[in-house]
Amino acid sequence: MSDNELGTYLRTWREAVTPAEAGLPAGPRRRTPGLRRAELATLAGISVEYLTRLEQGRDRNPSAQVLGALADALNLSLADRMLLRRLTKEADGGDPLVCAAAPTLSRTARPTVRAVLDRLEPAPAVVVNWIGDVLAHTAGYERLVGPIGLLDDERPNLLRHLFTDERARSAYRDWDRVADDLVARLRHGVPLRDPHLAELAEELTVTAGAEFADRFADLTTTPRRTGSQHLEHPQAGSLRLLHETLALSDEGQRIIVHLPADDATAAALDRLNGRRPGALRAVAETG
């Protein structure tokens, strides 16, 4: 992984923000749609030389005032500002509050978490750790993803399946969006130099190539707690699903619950689970 995450992040955002979005005239002869270094430096009230040092990794300890000015100039969201601060702390040697070691990588779910899954039946629900290993799931989840091969491996992993199993590419109609979200969650969920993260990232960079590596290098995409998927199921047909993520922070785990986004999907999942239509109800997507 790059040892200049902070500089890469700043440069990526600078190149992504247009002059119009920053309140500047576009002007002639622009080689890039983003901001020039001089423009961002002026907006943030710092020198071009200092911004260049930050982007090139020659200065890794900007003050909070400089970070705030850069964040304001780039119009960063709260989540992006938190990531900017985290990258700065890591570049400067780490901060116990912001860059604490990741939780011990758990391979099991607590009995009480499994009891929660039992009560979620027949909804498709799964417990995963922070690198995407599947730790426990409902029977409804097995009927949903089993036919596309997600649970075939001895130690199933969401990212490994998505990026290396052709059945996943065929099943997810919105494969790119699902891939963006999973990698963003992997990228931002733990300290960047965590060995478990590094091991999985190295594996997928080799096995999946640029489709994974390019996403992993993109620091601007942040994970969503809720979202939607369009799945072509071998038995149930076309399914439109919403998902909600519930964090188990102390364990470094999360529960992902999939819900039908329309009546047709609700009926299809009921048939898949051998239940009379009406057991599951569609949930309207908002936002």
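Residues numbered from 1 in each chain as written. Predicted model: local features only at pLDDT ≥ 70, side-chain atom pairs only at ≥ 80, totals over all residues. Heavy atoms only, no water.

(A) Molecular detail of the pairing of strand 3 (residues 226-233). Judged by how many residues are buried, strand 3 sits mostly within the fold: six of eight residues are covered. The sheet contact formed by strand 3 and strand 4 (residues 237-248) spans eight bridges and is antiparallel. Opposite T226, over in strand 4, you have E244 as the bridge partner. Taking the residues that link successive antiparallel strands as the turn, the strand 3-strand 4 hairpin has three residues. (Buried < 20%, exposed > 50% of the residue type's maximum accessible area, 1.4 Å probe, protein only. Helix = DSSP H or I, 4+ residues; strand = E, 2+ residues; numbered from the N terminus. Pairing = 2+ DSSP bridges.)

(B) Spatial organisation of the side chain of H233. Considering the arrangement of structural elements, one finds H233 in strand 3. A polar atom in the side chain of H233 sits 3.0 Å from the backbone nitrogen of Q235. Ignoring sequence-local partners within four residues, the contact set of H233 consists of R143, L144, P147, L239 and L272. (Polar contact = N/O pair within 3.5 Å; in protein donor to acceptor, adjacent residues only side chain to side chain. Contact = heavy atoms within 4.5 Å.)

(C) Quick peek at the packing of helix 10 (residues 175-189) against helix 12 (residues 210-217). It is at 9 Å that the axes of helix 10 and helix 12 come closest, and there the two elements cross at 50 degrees. Classified by the angle between their axes, helix 10 and helix 12 sit oblique to one another. Crossing hand, helix 10 versus helix 12: right-handed. Contacts between helix 10 and helix 12 involve W175, D176, A179, D180, V183, L186 and R187 from the first element and E211, F212, R215 and F216 from the second. Here the contact of helix 10 with helix 12 is composed, by residue class, of six nonpolar, no polar and five charged. (Axes fitted to C-alpha atoms, helices over the stretch in contact; angles between N-to-C directions. Parallel < 35°, antiparallel > 145°, perpendicular 65-115°, else oblique. Left-handed = near helix turned anticlockwise from the far one by under 90°. Nonpolar A, V, L, I, M, F, W, Y, C, P; charged D, E, K, R; others polar.)

(D) Structural detail: helix 2 (residues 37-44). Regarding helix 2, the residues found buried are E39, L40, A41 and A44. Lining the buried residues of helix 2 we find helix 1 (5-16), helix 3 (48-56) and helix 4 (64-74). Remark: G45 follows helix 2 within two positions and exhibits a positive phi of approximately 75 degrees.

(E) Broad picture of the packing of aromatic side chains. Following the criterion strictly, the structure yields three aromatic pairs and no others. Both rings, one in F212 and one in F216, keep their centres 5.4 Å apart while their planes meet at 20 degrees; by these two values the pair is stacked. Separated by four residues within a single helix, F212 and F216 lie in helix 12, roughly one turn from each other. The ring centre of W175 lies 3.9 Å from the NZ or CZ of R169, which sits over that ring. Above the face of the F216 ring, R187 is positioned so that its terminal group lies 4.4 Å from the ring centre. (Phe/Tyr/Trp six-rings, centres within 6.5 Å; stacked < 30°, edge-to-face > 60°. Lys NZ or Arg CZ within 6 Å of the ring centre and 35° of its normal.)

(F) Focus on the environment of L269. Looking at the element boundaries, L269 is found in helix 13 (residues 263-272). Exposure remark for L269: the relative accessible area of 1% places this residue in the buried category. Spatially, the C-alpha atom of L269 lies 9.0 Å from that of R143, the residues being 126 residues apart in sequence.

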